Amino acid sequence: MDDYKILLSEAELPQEWYNIMPDLPRPFPPYLHPGTGQPLGPQDLAPIFPMGLIEQEVSQERFIPIPDEVQRIYRLWRPTPLHRARRLEEALKTPARIYYKNESVSPPGSHKPNTAVAQAYYNKVEGVRRLATETGAGQWGCALAFACNLIGLECTVYMVKVSYFQKPYRRSLMHIWGAEVFPSPTDKTNAGRGILASDPGTSGSLGMAISEAVEDAATHDDTKYSLGSVLNHVMLHQTVVGLETKKQLALAGEEPDILIGCVGGGSNFAGFSFPFVPDKLKGKDIKIIGVEPTACPTLTRGLYTYDFGDTAQLTPLIMMYTLGHSFVPPGIHAGGLRYHGDSPLVCMLVHEKIIEARAYPQNPVFEAAHLFAKTEGIIPAPETAHAIKGAVDEAVRCRETNDPKCIVFNFSGHGHFDLSAYDAYLEGKLEDLEYPPEVLARALAALPKVPGA
Ligand SMILES: Cc1ncc(COP(=O)(O)O)c(C=O)c1O
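Residues numbered from 1 in each chain as written. Predicted model: local features only at pLDDT ≥ 70, side-chain atom pairs only at ≥ 80, totals over all residues.

1. Thoughts on the nonpolar core
Here comes step 1: Of all hydrophobic cores here, the largest spans 136 residues; its most connected members are Leu144, Ala145 and Cys148.
Here comes step 2: The element best represented in this core is helix α6 (residues 139-151), accounting for nine residues. (Core = buried A, V, L, I, M, F, W, Y, C linked by C-beta atoms within 7 Å. Buried ≥ 20, exposed ≤ 12 C-beta atoms within 10 Å, placed from the backbone. Helix = DSSP H or I, 4+ residues; strand = E, 2+ residues; numbered from the N terminus.)

As structure tokens, then:
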């Protein structure tokens, strides 16, 4: 077979999401109430999430049907192509076969609408009028604005201040799809006002923007909160990516040896790789690698413990690898990877050594992205570029060992609104930022004491 793309028909779109919960090696550590240290019940989450999503958050059903209306919207761009990166293989002179799943073909340009559409749908059927959310680089805000527009909900986006000014065109997309967008921290919420009072010049962070969006939802009856990553229901919705990839690899007559994704909060990586985890648990030799930036090395240098999901300590406590909820990561261009924690499902699998993690600095990541753009043509998002760097390194290793492995990575989004980052790279102005040990120590010292834990 010498195909460049492996395509599925719309009739082959998965009709169920895969839920990894019943296949975990040990029980999922529950979310805890920050005050009592007791496991949260569904009612504790009801002020900010609709019941349909709360049920999915704790469901033990292995497969959950994708509602018809969600499938109809998915079909605007799904199933997405699986590409064979033949030109990249040639450039690397590798015997490996490299494939990438192209999630950049969605209208907002990334994997994020896979969950945005589902979340907007479950909120709409429960009578919610408006969704509030945060966004880092703007991909998630665009995806939710797009989904709310199609489903018929209003949308408020708290955008991390540094990205609001660095990425004005993502803001434009959100406006076109009808959302209101504020640079966070704002003076519209108690959380935002508190942060501005103690640090007026702050560049913002995802942790801060989450605090603002959660407060907005909790203080308005007709409004719920929507999170673009980290939580179990988000990982669930993203499994449409891995389920399609499995079918496409089977069509190509391939079995994956190595699966790679970038990790911010974990959703594209989880959605892509989780459907393969049962195969690995049954003994298949598959290496599953999550790639993160050295500037925000949650999985590779964080502590596996309970922590808040946000700066203002409004969220439940989550068992995860964390750099500390007070940590403000340096302003690297992969804004979507600047989060102090990670999906508790991804973290558990890393802790259990089923998944491995790796961290890279910006310059080698952009070098790999540049090579990809010159060989395969598509300009990757800086977040996606981390997965590409992981794949390139594995392909080079295959060249050195003359091992024709099958490497598959998730191409989570395009970089058409990240061109200033490429300019900075080409002009040699990108800094390779490490996470200083003293900052790590300070943030970890501020971890919450969990009663009874
Ligand atoms: C293109 C792209 N890839 C990856 C990520 C990281 O998020 P996650 O780890 O949830 O996939 C983001 C987040 O904004 C993104 O925009």
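Now that the structure has been shown, we can carry on.
2. Description of α6
Here comes step 1: For α6, built from 13 residues, the straight-helix expectation of 18 Å at 1.5 Å per residue is met to within 8% by its first-to-last C-alpha distance of 18 Å.
Here comes step 2: The buried count for α6 comes to eleven of 13 residues, which makes it a mostly enclosed element.
Here comes step 3: Regarding α6, the residues found buried are Gln139, Trp140, Gly141, Cys142, Ala143, Leu144, Ala145, Phe146, Ala147, Cys148 and Ile151.
Here comes step 4: Those residues of α6 that are buried are in contact with α5 (113-125), β6 (130-135), β7 (154-160), α8 (168-176) and β8 (180-184).
Here comes step 5: Where α6 terminates, the next one or two residues include Gly152, which has phi positive at roughly 95°. (Expected span 1.5 Å × (residues − 1). Contact = placed C-beta atoms within 7 Å.)

3. Remarks on the site of the ligand
Here comes step 1: Around the ligand, 21 residues are found, and the nearest of them are Gln139, Ser229, Gly264, Gly336 and Gly413.
Here comes step 2: When residues of the shell around the ligand are traced back to their parent elements, those giving at least two are α6, α12 (267-273) and α17 (382-401).
Here comes step 3: It is α12 that contributes the most residues to the shell around the ligand, three residues altogether.
Here comes step 4: Here the residues of the shell around the ligand are counted per class, giving seven nonpolar, 13 polar and one charged.
Here comes step 5: A domain split of the shell around the ligand shows at least three residues from each of domain 1 (5-10 + 67-109 + 232-445) and domain 2 (113-227). (Near = placed C-beta within 6 Å. Nonpolar A, V, L, I, M, F, W, Y, C, P; charged D, E, K, R; others polar. Domains from an automatic or database assignment.)

4. Side note on the sheet that holds β8
Here comes step 1: Read across the sheet, four strands follow the order β8-β7-β6-β9 without closing on themselves; strand pairing throughout is parallel. The open sheet has two edge strands, β8 and β9 (223-225), and neither has a second partner. Strand-to-strand twist of the sheet, defined as the mean angle between neighbouring strand axes without regard to direction, takes the value 25°.
Here comes step 2: Relative to β8, β7 runs parallel, the two being bridged by five bridges. When the bridges of β8 are listed, Tyr158 appears paired with Phe182. (Pairing = 2+ DSSP bridges. Axes fitted to C-alpha atoms, helices over the stretch in contact; angles between N-to-C directions.)

5. Considering the packing of helix α9 (residues 190-198) against helix α10 (residues 206-218)
Here comes step 1: Closest axis-to-axis distance for the α9/α10 pair is 7 Å, and the angle between their directions is 145°. Within the contact between the two elements, α9 uses Asn190, Ala191, Gly192 and Ile195 and α10 uses Met208, Ser211, Glu212 and Glu215.
Here comes step 2: When grouped by side-chain class, the residues that make up the contact of α9 with α10 number three nonpolar, three polar and two charged.

6. Focus: the pairing of strand β13 (residues 317-322)
Here comes step 1: In terms of burial, β13 is largely enclosed, as six of its six residues are buried.
Here comes step 2: Sheet analysis places strand β12 (residues 303-308) next to β13, joined by six bridges and oriented antiparallel. Residue pairing in the sheet places Asp307 in a bridge with Ile318 of β13.

7. A few points about the domain arrangement of the chain
Where interface size is quoted, it is often the accessible area lost as the parts come together.
Here comes step 1: Domain annotation for the chain reports domain 1 (5-10 + 67-109 + 232-445) and domain 2 (113-227).
Here comes step 2: Computed from C-alpha coordinates alone, the two centres of domain 1 and domain 2 are separated by 23 Å.
Here comes step 3: Listed as interface residues are 34 residues of domain 1 and, on the opposing side, 34 residues of domain 2.
Here comes step 4: Of all the secondary-structure elements, those providing two or more residues to the side of domain 1 that touches domain 2 are α3 (68-74), α11 (232-251) and α12.
Here comes step 5: Looking at the side of domain 1 that touches domain 2, the element that brings in the most residues is α11, giving five residues.

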